[in-house]
Amino acid sequence: MRVVILPSELEAGTFIANIIAEFISHKENAVLGLATGNSIVLTYQALIEQYKDGKISFKKVTTFNLDEYIGLESNCEQSYRYYMDNTLFNHLDINKKNTHIPECFNNEFKATCNNYESMINDYGGIDIQLLGIGTNGHIGFNEPTSSLASRTRVKTLAENTIQNNSRFFDETEIQPRLAITMGIGTIMEAKQIILVGLGKHKSQAIADAIEGPITSFCPGSILQQHDNVIVVIDEHAASKLKLYDYYINTEKMHQQYMC
Ligand code: F6R
């Protein structure tokens, strides 16, 4: 696992955006796995800037999002489709037909989930999967005790996740308790994974994911078993890491010899 600790949230976002920009500039028909949430916004803003500066194009890029709530219309401001359109897609030259989100409006959940898995396979799998991490260690909406081999499926949200995300819903709105999420097994098949964690409130989940035992109690810890993972964190999110100095030194070496 490559652990990159950066002084600020902005630098973390720019760092991730640069990796993606470099990748899509060289890979024809790149397939990206995308996340929603606060932590990834600065990455998306940096990508939009690079696109506006004429440095990159998303015309041939295909995307698959990690998850979507069940029970919200796509034009609902809290849906992840709405988030993706407004935070990223509407500002790029991407063809919306190439942007996939595990939405289900007809209660055919099993078929939707199986179809999502098949589509990812048909596109040759995900090249780079972006992930945030929940304060409870979830990746996607794979809550603690999710099977480490799970596939795309309906998942009941943990109380902690519902509370963390309640800030996006006002009192009159019904907040979904179910979502469709890529499974942990699905995520682990991505060729490369980049996880972002920002802020002190993520420090315990980050420490558990990087330095704790591999356990379904912290779904993010499964990334220790993937051979191409970059964890990008700011100093606050890194504050509970026991091997903090080692990661800083290792990254210095990486920059000196591998870049
Ligand atoms: C979002 C997702 C979640 C978030 C995680 C962190 O699509 O799958 O796992 O990445 O909850 O969210 P933020 O970044 O808002 O703290």
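One can find the structure itself at the top, above this paragraph.
K.L.:
What exactly am I supposed to notice about the nonpolar core here?
P.N.:
Soluble globular proteins tend to pack their nonpolar side chains together in the buried interior. Ranked by internal contacts, the top residues of the largest apolar core, which has 35 residues, are Tyr44, Phe58 and Leu130. When residues of this core are traced back to their parent elements, those giving at least two are strand 1 (2–6), helix 1 (9–26), strand 2 (31–34), helix 2 (41–52), helix 3 (80–87), strand 6 (128–131), strand 9 (192–197) and strand 10 (229–234). The dominant element in this core, judged by the number of residues it contributes, is helix 1, at eight residues. Residues in contact with Phe58, not counting those within four places in the same chain, are Ile24, Leu32, Leu47, Leu92, Asp93 and Ile94. The next biggest cluster of nonpolar side chains, apart from the first, holds 34 residues, and it includes Ile120, Leu131, Val231 and Ile233.

K.L.:
Just to check I follow, could you spell out helix 7 (residues 203–211) for this structure?
P.N.:
Each full turn of the α-helix corresponds to 3.6 residues, which orients residues three or four apart in the same direction. By the burial criterion, the buried members of helix 7 are Ser203, Ala205, Ile206, Ala207, Ala209 and Ile210. If you follow the buried residues of helix 7, they end up packed against strand 1, strand 9, strand 10 and helix 8 (244–257).

K.L.:
Explain the sheet that holds strand 8 (residues 178–181) to me, please; I cannot follow it from the model alone.
P.N.:
Strands pair in a sheet through their backbones, by hydrogen bonds, and they do so in one of two ways: parallel or antiparallel. Strand order across the open sheet formed by three strands is 4-8-7, with antiparallel pairing between neighbours. Of all the strands in the sheet, just strand 4 (67–69) and strand 7 (153–156) have a single pairing partner and so form its edges. Strand-to-strand twist of the sheet, defined as the mean angle between neighbouring strand axes without regard to direction, takes the value 30°. Examined bridge by bridge, strand 4 and strand 8 share three bridges and lie antiparallel to one another. Directly across from Asp67, in strand 8, lies its bridge partner Thr181.

K.L.:
Hey, could you run me through the site of the ligand in this one?
P.N.:
In the region of the ligand, 14 residues are neighbours, and Ser39, Asp67, His138, Gly140 and Lys202 sit closest. One of the side-chain N or O atoms of Asp67 is found 2.5 Å from an oxygen atom in the ligand. One of the backbone N or O atoms of Gly140 is found 2.8 Å from an oxygen atom in the ligand. The protein chains hide 92% of the 410 Å² of surface that the ligand would expose on its own. Residues belonging to the shell around the ligand are distributed by class as follows: three nonpolar, eight polar and three charged.

K.L.:
What exactly am I supposed to notice about the environment of Asn249 here?
P.N.:
As for its position among the elements, Asn249 is in helix 8. A C-alpha to C-alpha distance of 45 Å links Asn249 and Asp170, two positions 79 residues apart in sequence.

K.L.:
What exactly am I supposed to notice about the packing of helix 2 against helix 3 here?
P.N.:
The packing of two helices is summarised by the inter-axis angle and the distance between the axes. Contact geometry of helix 2 with helix 3 gives a least axis separation of 10 Å together with a crossing angle of 40°. Between helix 2 and helix 3, the interaxial angle falls into the category oblique. Between helix 2 and helix 3, the residues in contact are Val41, Tyr44 and Ile48 and Tyr83, Met84 and Thr87, respectively. Split into classes, the residues belonging to the contact of helix 2 with helix 3 amount to five nonpolar, one polar and no charged.

K.L.:
Before we go on, may I ask you to explain a negative patch on the surface in this structure?
P.N.:
Negative charge collects at one region of the surface, where Glu77, Asp170, Glu171 and Glu173 lie side by side. On the secondary structure map, Glu171 appears in the loop between helix 5 (159–165) and strand 8.

K.L.:
What should I look at first to understand the pattern of salt bridges in this one?
P.N.:
Pairs can form between side chains of opposite charge once their charged atoms are near each other. Scanning the model with the defined rule gives ten salt bridges in all. Between Asp127 and Lys27 there is a salt bridge, with its nearest N and O atoms 3.2 Å apart. On the criterion of sequence distance, the pair formed by Asp127 in the loop between helix 4 (109–122) and strand 6 and Lys27 in the loop between helix 1 and strand 2 is long-range, its members being 100 residues apart. Classification of Lys27 by relative accessible area gives partly exposed; the value is 34%. The salt bridge partner of Lys60 is Glu28, with a shortest N-O separation of 3.1 Å. Of the two residues, Lys60 is situated in the loop between helix 2 and strand 3 (62–65) and Glu28 in the loop between helix 1 and strand 2; the sequence distance between them amounts to 32 residues. By relative accessible area, which is 49% here, Lys60 ends up partly exposed. Through salt bridges with shared partners, a single ionic network connects Lys27, Asp127 and Lys191.

K.L.:
What am I meant to see in helix 2 here?
P.N.:
Taking 1.5 Å per residue, twelve residues should reach 16 Å; helix 2 reaches 16 Å between its end C-alpha atoms and fits that length. Where helix 2 ends, the next residue or the one after it, Gly54, has phi of about 80°, a positive value.

K.L.:
Help me understand unusual backbone geometry in this model?
P.N.:
Both trends apply: most residues other than glycine have a negative phi, and most peptide bonds are in trans. Its identity is not glycine, yet Asn29 carries a phi of approximately 55°, on the positive side. Looking at the secondary structure, you find Asn29 in the loop between helix 1 and strand 2. Despite not being glycine, Asn107 has its phi angle at roughly 65°, a positive value. Tracing the backbone shows Asn107 in the loop between strand 5 (99–100) and helix 4.

Parameters at a glance
- Residues numbered from 1 in each chain as written.
- Predicted model: local features only at pLDDT ≥ 70, side-chain atom pairs only at ≥ 80, totals over all residues.
- Heavy atoms only, no water.
- Core = buried A, V, L, I, M, F, W, Y, C linked by side-chain atoms within 4.5 Å.
- Buried < 20%, exposed > 50% of the residue type's maximum accessible area, 1.4 Å probe, protein only.
- Helix = DSSP H or I, 4+ residues; strand = E, 2+ residues; numbered from the N terminus.
- Contact = heavy atoms within 4.5 Å.
- Pairing = 2+ DSSP bridges.
- Axes fitted to C-alpha atoms, helices over the stretch in contact; angles between N-to-C directions.
- Near = heavy atom within 4 Å.
- Polar contact = N/O pair within 3.5 Å; in protein donor to acceptor, adjacent residues only side chain to side chain.
- Areas by Shrake-Rupley, 256 points an atom, 1.4 Å probe, with all protein chains shown as cover.
- Nonpolar A, V, L, I, M, F, W, Y, C, P; charged D, E, K, R; others polar.
- Parallel < 35°, antiparallel > 145°, perpendicular 65-115°, else oblique.
- Patch = residues over 30% accessible without salt bridge, like charges linked within 9 Å, V, L, I, M, F, W, Y side chains within 5 Å.
- Salt bridge = Lys/Arg side-chain N within 4 Å of Asp/Glu carboxyl O.
- Lys, Arg positive; Asp, Glu negative; His and termini not counted.
- Charge placed at Lys NZ, Arg CZ, Asp CG, Glu CD.
- Expected span 1.5 Å × (residues − 1).

Just geometry here; none of it tells us what the structure is for.
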